[in-house]
Amino acid sequence: MNKRKLFIDNFLVYGMGGIISKIIPLIMIPIVTKLMPKTDYFGISDLANTVVQFASSVAIMGMYDAMYRLFFEKAENDFKKVVCSTALAFTIVTSIAVFILMLIFKEYISKLFLRDSNYAYVIYISAMSTLIGATNSIISAPTRMMNKRKLYLGINVLGPAFSYSVAIPLLIKGYYVIALPISGLISGLIIELIYGLVNREWFKLRLFDLKILKQLLIIAIPLFPNFIIYWLFNSCDKLMITNLIGIGAEGIYSVGSKLGYASQLIYIAFAGGWQFFAFSTMRDDNQVKQNSNIFEYLGIISFVATSYICIFSHIFFKIFFKTDYYEGFIVAPYLFFSPLLQMLFQVAANQFIVIKKTWPNFFILLSGVFVNLVLNSILIPKFGIEGASIATMMGYVISLIICVCVLKHMKLMIISNKFLMATLVMLIFFTLWRVYLTERFILGFISASVIVFIMSCLYRKDLKKLFFRLIKK
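Source: prediction; values computed, not measured.

Participant: In this structure, what is going on with the pattern of salt bridges? I would like to understand it.
Facilitator: Pairing between side chains of opposite charge can happen when their charged atoms approach one another. Summed over the entire model, instances satisfying the criterion amount to two salt bridges. With its nearest N and O atoms 2.5 Å apart, the salt bridge here joins Glu 386 to Arg 434. Highlighted residues: Glu 386 in helix H15 (residues 385-409) and Arg 434 in helix H16 (residues 417-437), separated in sequence by 48 residues.

Participant: Hey, could you run me through a nonpolar patch on the surface in this one?
Facilitator: Together, Phe 312, Ile 315, Ile 319, Phe 320, Phe 441, Ile 442, Phe 445, Ile 446 and Val 450 line one region of the surface with nonpolar side chains, adding up to about 800 Å² of accessible area. For the nonpolar patch, the secondary structure elements donating two or more residues are helix H12 (287-320) and helix H17 (441-458). The greatest single-element share of the nonpolar patch, amounting to five residues, is contributed by H17. Looking at where Phe 320 falls in the secondary structure, it is placed in helix H12.

Participant: Honestly, the layout of surface pockets in this entry has me stumped. Any pointers?
Facilitator: Where empty space is left in the structure can be found by rolling a water-sized probe over the atoms. Roughly 700 Å³ of internal volume is contained in the second largest pocket. If you go around the second largest pocket, you meet 26 residues; those closest to its centre are Phe 337, Val 397, Ile 401, Thr 423 and Leu 427. Ranked by residue count, the leading element in the lining of the second largest pocket is H16, at ten residues. For the lining of the second largest pocket, the per-class residue count stands at 22 nonpolar, two polar and two charged.

Participant: What should I look at first to understand the packing of aromatic side chains in this one?
Facilitator: The way to describe two aromatic rings as a pair is by their centre distance and the angle between their planes. In total, this model carries 22 aromatic pairs according to the counting rule given. The interplanar angle of 35° and the centroid separation of 5.1 Å between the aromatic rings of Tyr 41 and Tyr 176 together place this pair among those described as tilted. Of the two residues, Tyr 41 is situated in helix H2 (residues 39-60) and Tyr 176 in the loop between helix H7 (149-172) and helix H8 (179-198); the sequence distance between them amounts to 135 residues. The rings of Phe 295, Phe 303, Tyr 334, Phe 337, Phe 419, Phe 430 and Trp 433 are connected pair by pair, giving a single aromatic cluster.

Definitions and cut-offs
Residues numbered from 1 in each chain as written. Predicted model: local features only at pLDDT ≥ 70, side-chain atom pairs only at ≥ 80, totals over all residues. Heavy atoms only, no water. Salt bridge = Lys/Arg side-chain N within 4 Å of Asp/Glu carboxyl O. Helix = DSSP H or I, 4+ residues; strand = E, 2+ residues; numbered from the N terminus. Patch = residues over 30% accessible without salt bridge, like charges linked within 9 Å, V, L, I, M, F, W, Y side chains within 5 Å. Areas by Shrake-Rupley, 256 points an atom, 1.4 Å probe, with all protein chains shown as cover. 1 Å grid on protein atoms, 1.4 Å probe; cavity = no way out; pocket = protein on both sides within 12 Å on 5 of 7 lines; lining within 4 Å. Points joined across faces, edges and corners; volume = space filled by probe spheres on them. Nonpolar A, V, L, I, M, F, W, Y, C, P; charged D, E, K, R; others polar. Phe/Tyr/Trp six-rings, centres within 6.5 Å; stacked < 30°, edge-to-face > 60°.

Structural data, given as structure tokens:
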């Protein structure tokens, strides 16, 4: 299969599955916030999800990416089944261990994350969600690794449908604290059962192999701290807002981040097809150039999408949200851009995984999260929730710059002058938006359209090639 077609097909089909699983929650946010009488309730639900994300990262311990990498090491199905079975056995053990620890320390976790030990019962739900979610990621993997795109797309439609069919009735009945955590738990359980039936031939615990586990851990252990750092990137701002301002402010910030994280639709679309493409083409002669081109194209898409979010966020919040959440519009552009920066980082940093040197990722991300934490402590007291969003974005910016510089030095990445020019143009626009265009829609829309024109001019040759290929097809 043509490499470009392989990437685009996986980008679209797996991406659509991921997009559907995220776009429904995005659409439902205005409805959910209207059913909750206080911003505190949304803050509690979001922080409970933050607990699950952290605990799941600990339970998975980088095993998903390690399994994905080793899966393509050999062509024999027997070997692939041993890899999958070994990864699942390890994840079951770690998930149970994390589950038990969460139950033992439920009151401490509740006080740390939710600022009140009386919410310890929420941690019970989070612990169960972690147990299911961590193993779910492993059990669902063969569907993607074997490129069963239609099946993956169909199953991903079901998850959010199950979740909100449970959440909305609970909210209507007044169960504001547990409605979203419970619905997430039930949805995760149903999806895991479905994937378990579909992929059962790939998992036989009797195939557990200690030698394969050692190979998996060689890849997974250096990756594990990276996932913790990603969690810090995405969550330390919420915890610091909760402690420095209050859980109600975190609720507003969380709603702003949900619109901002609409960019995860782009990120998930990319990630859905990226891993299969990246590892199945990693031995190609032009792999460095190919990877660098993808980095630049996704960067341009990110710049264009972010420029329009800057302009539309004010109107979106004014139309769809109660006045309690209105100030969240200002954080949306920063938090929209942040996952896209994470996407670009992962495209670049994948080069380290290809050469089986994953330790640089940790130190590069660590520098970014350090910047994030320092800026949070300075900017949140001065600028509130906007300060937190700026800190998150800048942490990713620093990580990405360092990563690209290191890879260029190692001759594992190529950055063109036109991309550097596009980056400068985006920086100027972002500054102009914050200083002058936050509530000037018409002028802002014109400015964003100018960004599109400039990017099109810079990449006109690439667009012409794409245009002629589409005409031929």
